[in-house]
There are 2 protein chains.
Amino acid sequence: MKSSQMKVSQLGEKQLIERIIQKSKSCSIYKPSDFNDFDIKTSIGDDSALTNVNIDSNSYLVSSSDMLIQSSHFPKAMTHFQMGYKSVVVNVSDLASMGADNIGFLLNLAIPKDTLLDDFDELICGVIQACDNYNIPLIGGDTNEANEIIISGTAIGKVDKERALMKYGFETGDLLCISGELAYAALGFELLKIMEENPKSKEIIDKIKSIDSTIIDLAILKALKPEAKYEEGHILRDYNTNNNRITATDITDGLASELYEIISSDKKYHQLNKEGQYTKGIRIYEDKLPVEDEFKEIANILGIDYLDLFLHVGEDFELLFTINKELEEELSSDMNYYIIGEITEGNTVEIVLSNGDIQKISSRGYEHLK
Amino acid sequence: MKSSQMKVSQLGEKQLIERIIQKSKSCSIYKPSDFNDFDIKTSIGDDSALTNVNIDSNSYLVSSSDMLIQSSHFPKAMTHFQMGYKSVVVNVSDLASMGADNIGFLLNLAIPKDTLLDDFDELICGVIQACDNYNIPLIGGDTNEANEIIISGTAIGKVDKERALMKYGFETGDLLCISGELAYAALGFELLKIMEENPKSKEIIDKIKSIDSTIIDLAILKALKPEAKYEEGHILRDYNTNNNRITATDITDGLASELYEIISSDKKYHQLNKEGQYTKGIRIYEDKLPVEDEFKEIANILGIDYLDLFLHVGEDFELLFTINKELEEELSSDMNYYIIGEITEGNTVEIVLSNGDIQKISSRGYEHLK
């Protein structure tokens, strides 16, 4: 039987794990690197992963676990490679937004019995490629059977206590920033939906491609193969010295949702540690949002409010962060970023629109189970 | 609306995470303990969990991740509390079989949108109760939507390098042992199946209960609420000094499967580190297996070979371990265990039956995706 017809059920769990081990060895992830001097004692398939680390009282162990479910997270157009790749990205993003160094990744994969072996192999390749890109060794995991593809990953890392990037701790006047343009993934999901469901999709896509085909390609790429802002997280972490004040989080449920999240987090921190009423808020400016005119035009043709894509969808994986004003110039010599607003004294989360109107931002974002 | 009718979709992901945080605070897991002096900086719901640990070059970071899927792992009779409880047990068991101290547990939960809030609460209580029992703080996690209940847990711990209990490293003549009686969970699954599917189930259950109702009750309990052998793992770890030789693994896919696993693991270790042909094997003795006569009688009435339950089903979570002969007496003063055989010179995995016949043991065990 050609391997293109073989199903995973012909191998079974043990041989599939063996296959993962073989594939991971053919990758470069076992090289020591600048960040990690590691030595993996056990192989994937042992009871537990044993990893050499050095974490003393100056550092925290950092850990994050996210699950991706085919019917919720993978558009029909997504390849198995991209599914595997994304499962690493969503977890590395959580570590990157703390400024953590990566230690290891555990992969928990559940797939239908009749999954083609070729598709399984592709998925594993996606995982390994991402582990390689983000310098995070695949140290353990498991395979199981389920009715659809479910990938649960856990990323483990460490971070200097003094440098860890929290969601809270900003002050009035601090600049609110993002590490890159948002809304591309959101537009991508819209386009994929059109391509799946709309009989007139070819017409529509041709029309918007004539405005700017790069935007279309980028939107679809960002929807299917997002990247974590690993370098940016490290740069911010390195700047997070006693003289500076930096907070950060990654944008997954939409900018608006994250703005309310950081206020909520900062408020809790305030209530636990300080006296008096909490009075911080956020103001962003439509004119400062990095959105190309062609993007707005494309959204318009599709009958979508571009601001909705920018604020309320998510899956961008860019970093939302705050810095003290003094840091602005020095930071821009080390990384690209956009200042989109600031921390205010008022208790609101608002946007100053291009026409001058000030509007409260709805906290609406993508929320599972609602 | 009474809380007994409320669905999780009425709260959504963010409020559900808040609910988990509240429930976990009402537990005793934040007390420092003999094993862990920990301080959890972030709360569940933050980008990543930050944990104080101290792991230097004398210890390994230990991590394990296992997923439980409703249609594969949860009998219909299992309560939501038991589902949550088991999700911790399967992961703590992997750490216990290395002799690790627990650091933290990450919970990744996917549930159908129309799950009753009461059932969600019960599930979380099960998780928290288990975390409490095994002294492993709930440090992070996530909730998602899926078509059935899927729980992916990750347990993180640490172990002294010199004491870590591996699967390999035993020598000819070493005693093969188990930490407790097997086959109860296997019997339990059979009984639950009968109770679900067999119209004559009441008759059958009454008949076998008249032989020994304790066995029936224990079987069902072990199937629905297994426990990890945490204390036993620590005792073995403490005995694993330079003067002794101890290996260990936990029994999840069935004793036979694990016997082949440890031989395979030891063979790989031998091939990487030693010269010459690999010549170790295992012999166990039917007469040494701890099985009560009433258990055998019950299996007989059900038309099941009790040895099949003992060897080929699993979900026991007992430890399978080897010790050098000299350790036998001293160890028995600290823990209960059963010597069921020894490591041999031959290349076989065999059983000496009560009638004197020697049979090769089939490696058949429970294997997903086959």
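Residues numbered from 1 in each chain as written. Chains lettered and ligands numbered in written order. Predicted model: local features only at pLDDT ≥ 70, side-chain atom pairs only at ≥ 80, totals over all residues. Heavy atoms only, no water.

Asker: A description of the environment of H234(A) should follow, citing residues and the corresponding values.
Answerer: Along the chain, the position of H234(A) falls in helix α8 (residues 230-239). Residue classification places H234(A) among the buried positions, given a relative accessible area of 5%. (Helix = DSSP H or I, 4+ residues; strand = E, 2+ residues; numbered from the N terminus. Buried < 20%, exposed > 50% of the residue type's maximum accessible area, 1.4 Å probe, protein only.)

Asker: So what's going on with the sheet that holds strand β6 (residues 175-178) of chain B? Which residues, and what values?
Answerer: Residue and element names in this part refer to chain B. Strand order in this open sheet of 7 strands is β7-β9-β6-β10-β8-β11-β12, and the pairing throughout is mixed. A strand with exactly one partner marks an edge of an open sheet, and here the two such strands are β7 (246-250) and β12 (358-360). Within this sheet the neighbouring strands show an average axis-to-axis angle of 25 degrees, counted without direction. Sheet topology note: the β7/strand β9 (residues 319-323) ladder contains 5 bridges and is antiparallel. Among the inter-strand pairings, D250 is bridged to a residue of β9, identified as L319. (Pairing = 2+ DSSP bridges. Axes fitted to C-alpha atoms, helices over the stretch in contact; angles between N-to-C directions.)

Asker: Break down the pattern of salt bridges for me, with residues and values.
Answerer: Enumeration according to the criterion identifies 35 salt bridges over all chains in this entry. One salt bridge connects K202(A) with D206(A), and the closest N-O pair in it is separated by 2.7 Å. Highlighted residues: K202(A) and D206(A), both in helix α6 (residues 201-209), separated by 4 residues, approximately one helical turn. Under the relative-accessibility criterion, K202(A) is labelled exposed at 60%. Ionic pairing is found between E227(B) and K225(B), a salt bridge with its closest N-O pair at 3.2 Å. With relative accessibility at 27%, the residue E227(B) sits in the partly exposed group. Residue class for K225(B) comes out partly exposed when judged on its relative accessible area of 24%. (Salt bridge = Lys/Arg side-chain N within 4 Å of Asp/Glu carboxyl O.)

Asker: Got a sec to walk through the side chain of S64(A)? Specific residues and values, please.
Answerer: Considering the arrangement of structural elements, one finds S64(A) in strand β2 (residues 59-69). Reaching out from S64(A), the side chain makes a polar contact with the side chain of D94(A) at a distance of 3.0 Å. In contact with S64(A), other than residues within four places in its own chain, are N91(A), D94(A), L95(A), G153(A), T154(A), A155(A), D47(B), S48(B) and L106(B). (Polar contact = N/O pair within 3.5 Å; in protein donor to acceptor, adjacent residues only side chain to side chain. Contact = heavy atoms within 4.5 Å.)

Asker: Tell me what's going on with the domain arrangement of chain A, and back it up with residues and numbers.
Answerer: Residue and element names in this part refer to chain A. What the domain assignment reports for chain A is domain 1 (3-160) and domain 2 (175-360). Averaged C-alpha coordinates put domain 1 and domain 2 at centres separated by 28 Å. Counting from both sides, the interface comprises 23 residues of domain 1 and, opposite them, 20 residues of domain 2. The interface formed by domain 1 and domain 2 holds 3 salt bridges in total. Where domain 1 meets domain 2, there are 9 residue pairs in polar contact (both at pLDDT 80 or more). Breaking the side of domain 1 that touches domain 2 down by element, the ones donating at least two residues are α3 (80-96) and β3 (101-111). By residue number, the principal contributor to the side of domain 1 that touches domain 2 is α3, which donates 10 residues. Residues belonging to the side of domain 1 that touches domain 2 are distributed by class as follows: 13 nonpolar, 6 polar and 4 charged. (Domains from an automatic or database assignment. Nonpolar A, V, L, I, M, F, W, Y, C, P; charged D, E, K, R; others polar.)

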